[in-house]
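A closer look at the structure
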Amino acid sequence: MPTPFTTLRIRDLDIPNRLWMSPMCTYSADWDGAATGSPNDFHFAHYTARAAGGAGLVMIEATGVRADGRISPYDLGLWNDTQTTSFGRLALAISASGAVPGIQLAHAGRKASVDKPWLGGDSLPEDSRGWQSVGPSTHPFPGYTAPAELSHAEIAALVTAFAEAAVRALAAGFQVVEVHAAHGYLLHSFLSPVSNTRDDSYGGDFEGRTRFPLQVIDAVRKVWPEDLPVFLRVSTTDWIAENPADDRPSWTVEDTIEFARLATEHGVDLVDCSSGGTAPVPIPRDRDYQTRNAARIRSEVAVKVAAVGRISDPEWAAELISTGHADALFLGRPLLRDASWINNAATTLGERPRFVEQYDYAL
Ligand SMILES: Cc1cc2nc3c(=O)[nH]c(=O)nc-3n(C[C@H](O)[C@H](O)[C@H](O)COP(=O)(O)O)c2cc1C
């Protein structure tokens, strides 16, 4: 029976434990000049502290595959050589602290071009740090400016942009790449009929809506080494089908199960199960609101599954792993509060924390 501190092997990669740092935007990169989108001193301190704090894997926040794919102008990006070099130093520092370095590749789609959340998060106009957002259709996310509908040529260019960013991530030394297809960003916005009302081959039925995300997965898998894993973050549900008062067509858990099966056939090794993001709807308040969907996907699809969301108790984390709800757990806000949450959880659970060698011999 695995514990949170049992090694997890995926393809030829051994991940030293199953408690991982969830991708979390920090909106802290330069927005113009030579270092635009590059990790800086803040990112180094932030990520290496969590690696040294015991995380088995550190997933870098949503990183734009292109400038217009960033959520805000302050996001990380991976479309030029300066960024690749800087990410190389960061990946090395994470590895040196004992964690597997991973990076989440993203395009924000119709939720792009907004200010930092702590400055209000408003849509930024094109003449003030912003840009025209894009999407499957022209419906805006409520409160945001309307996206431009992507043409087939633009979709093809975006598939290439994901693959090129994956090539750069590999060159920088990352061992895991995660395709971000959750939270209402570009790939999820194609999956969900809430945001995708196209009537061409990239819309309509399930096959049409999954076409672009599967093309991205294929393109990334093609450039990512056979011996290293590709992860996929999904929203398991839009939380619309669960609400009897809301009869809009939406992305459901059943859709996710079918999509996870297809993604696995296309080379995805782990499905990272989040939820929501295409529409402002009520989200359940119970503790297992996301982990129960992860468990369902794990029981129905032959793929590794990570759960995330409101996991802030070491004993519950241990239960989720030992009962097979998930193969691994991503931790978000607990690691913002406490960079050593995972080492402290090890102590609580009677396991030896994983200190970096500079501390370990002395403790
Ligand atoms: C500040 C912040 C930034 C986030 N940025 C991202 C992101 O870049 N990519 C992503 O997939 N999820 C992002 N999330 C979601 C987290 O990865 C995680 O799924 C969510 O916070 C639930 O986990 P928690 O309850 O442990 O915080 C973010 C969450 C927070 C709090």
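Above: the structure in question.
In what follows, the accompanying structure is described. (Residues numbered from 1 in each chain as written. Predicted model: local features only at pLDDT ≥ 70, side-chain atom pairs only at ≥ 80, totals over all residues. Heavy atoms only, no water.)

The next point concerns the packing of helix α2 (residues 81-96) against helix α3 (residues 152-172). With their axes 8 Å apart at the nearest point, α2 and α3 run at an angle of 40 degrees to one another. When the interaxial angle is binned, α2 and α3 end up oblique. Both α2 and α3 take part in a crossing whose hand is right-handed. Contacts from Asp-81, Thr-84, Phe-87, Gly-88 and Ala-91 in α2 reach Arg-168, Ala-171 and Ala-172 in α3. Residue classes in the contact of α2 with α3 are distributed as 4 nonpolar, 2 polar and 2 charged. (Axes fitted to C-alpha atoms, helices over the stretch in contact; angles between N-to-C directions. Helix = DSSP H or I, 4+ residues; strand = E, 2+ residues; numbered from the N terminus. Parallel < 35°, antiparallel > 145°, perpendicular 65-115°, else oblique. Left-handed = near helix turned anticlockwise from the far one by under 90°. Contact = heavy atoms within 4.5 Å. Nonpolar A, V, L, I, M, F, W, Y, C, P; charged D, E, K, R; others polar.)

Tallying each qualifying case throughout the model produces 1 cavity of 30 Å³ or more. Lining the largest cavity, in full, are Ala-62, Thr-63, Gly-64, Gly-69, Arg-70, Ile-71, Asp-75, Ala-106, His-107, Ala-108, His-180 and Tyr-185. For the lining of the largest cavity, the element with the most residues is strand β4 (residues 57-64), which contributes 3 residues. (1 Å grid on protein atoms, 1.4 Å probe; cavity = no way out; pocket = protein on both sides within 12 Å on 5 of 7 lines; lining within 4 Å. Points joined across faces, edges and corners; volume = space filled by probe spheres on them.)

Taken together, 16 residues lie near the ligand, and Ser-22, Pro-23, Gln-104, Arg-310 and Arg-333 sit nearest. Measuring from an oxygen atom of the ligand, one finds a backbone N or O atom of Pro-23 at 2.7 Å. The protein chains hide 81% of the 600 Å² of surface that the ligand would expose on its own. Here the shell around the ligand is composed, by residue class, of 7 nonpolar, 6 polar and 3 charged. (Near = heavy atom within 4 Å. Polar contact = N/O pair within 3.5 Å; in protein donor to acceptor, adjacent residues only side chain to side chain. Areas by Shrake-Rupley, 256 points an atom, 1.4 Å probe, with all protein chains shown as cover.)

Here the focus is the packing of helix α6 (residues 253-265) against helix α7 (residues 291-300). For the pair α6 and α7, interaxial distance at closest approach is 10 Å and the crossing angle is 45 degrees. Compared by their axis directions, α6 and α7 come out oblique. Crossing of α6 over α7 shows right-handed handedness. Along its contact with α6, which presents Val-253, Glu-254, Thr-256, Ile-257, Ala-260 and Arg-261, the element α7 presents Asn-293, Arg-296, Ile-297 and Glu-300. Split into classes, the residues belonging to the contact of α6 with α7 amount to 4 nonpolar, 2 polar and 4 charged.

Attention now moves to α7. Note on helix geometry: an α-helix contains 3.6 residues per turn, so any two residues three or four positions apart are oriented the same way. When we look at burial in α7, the residues that qualify are Thr-291, Asn-293, Ala-294, Ala-295 and Ile-297. Close packing links the buried residues of α7 with α6, β11 (270-274), β12 (304-308) and α8 (314-322). (Buried < 20%, exposed > 50% of the residue type's maximum accessible area, 1.4 Å probe, protein only.)

Right, let's get into the layout of surface pockets. Estimated volume of the largest pocket: approximately 1000 Å³. What lines the largest pocket is a set of 36 residues, among which Pro-23, Met-24, His-183, Arg-233 and Ser-274 lie closest to the centre. Elements that contribute at least two residues to the lining of the largest pocket include exactly β13 (328-331) and α9 (333-337). Sorting elements by how many residues they give to the lining of the largest pocket places α9 first, with 3 residues. The residue makeup of the lining of the largest pocket, split by class, is 17 nonpolar, 13 polar and 6 charged.

Attention now moves to the nonpolar core. Soluble globular proteins tend to pack their nonpolar side chains together in the buried interior. Core analysis: the largest hydrophobic core is formed by 96 residues, its most contacted members being Phe-212 and Phe-231. What Phe-212 contacts, discounting residues up to four positions off in sequence, is Ile-155, Leu-158, Val-159, Leu-186, Leu-187, Phe-190 and Tyr-202. (Core = buried A, V, L, I, M, F, W, Y, C linked by side-chain atoms within 4.5 Å.)

This part is about the packing of aromatic side chains. Under the criterion given, the structure shown has 9 aromatic pairs. Both rings, one in Phe-87 and one in Phe-174, keep their centres 5.9 Å apart while their planes meet at 65 degrees; by these two values the pair is edge-to-face. Taken together, the residues span a long stretch of sequence, with Phe-87 in helix α2 and Phe-174 in the loop between α3 and β9 (176-181) at a distance of 87 residues. The exposure classification of Phe-87 matches that of Phe-174, with both residues buried. Between the NZ or CZ atom of Lys-111 and the centre of the ring of Tyr-185, over which it lies, the distance is 5.1 Å. Cation over ring: Arg-233 sits above Phe-330, and NZ or CZ is 5.6 Å from the ring centre. (Phe/Tyr/Trp six-rings, centres within 6.5 Å; stacked < 30°, edge-to-face > 60°. Lys NZ or Arg CZ within 6 Å of the ring centre and 35° of its normal.)

Quick look at the side chain of Gln-290 now. For Gln-290, the location among the structural elements is in the loop between β11 and α7. Within the structure, the side chain of Gln-290 is placed 2.6 Å from the side chain of Ser-275, a separation counted as a polar contact. Apart from the residues within four sequence positions on either side, Gln-290 is in contact with Cys-273, Ser-274, Ser-275, Val-308 and Gly-309.

In total, this model carries 0 disulfides according to the counting rule given. Cys-25 forms no disulfide, and the closest cysteine sulfur to it belongs to Cys-273, at a distance of 19 Å. Overall, the relative accessible area of 22% leaves Cys-25 in the partly exposed class. Residue Cys-273 is classed as buried on the basis of its relative accessible area, which comes to 0%. (Disulfide = S-S within 2.5 Å.)

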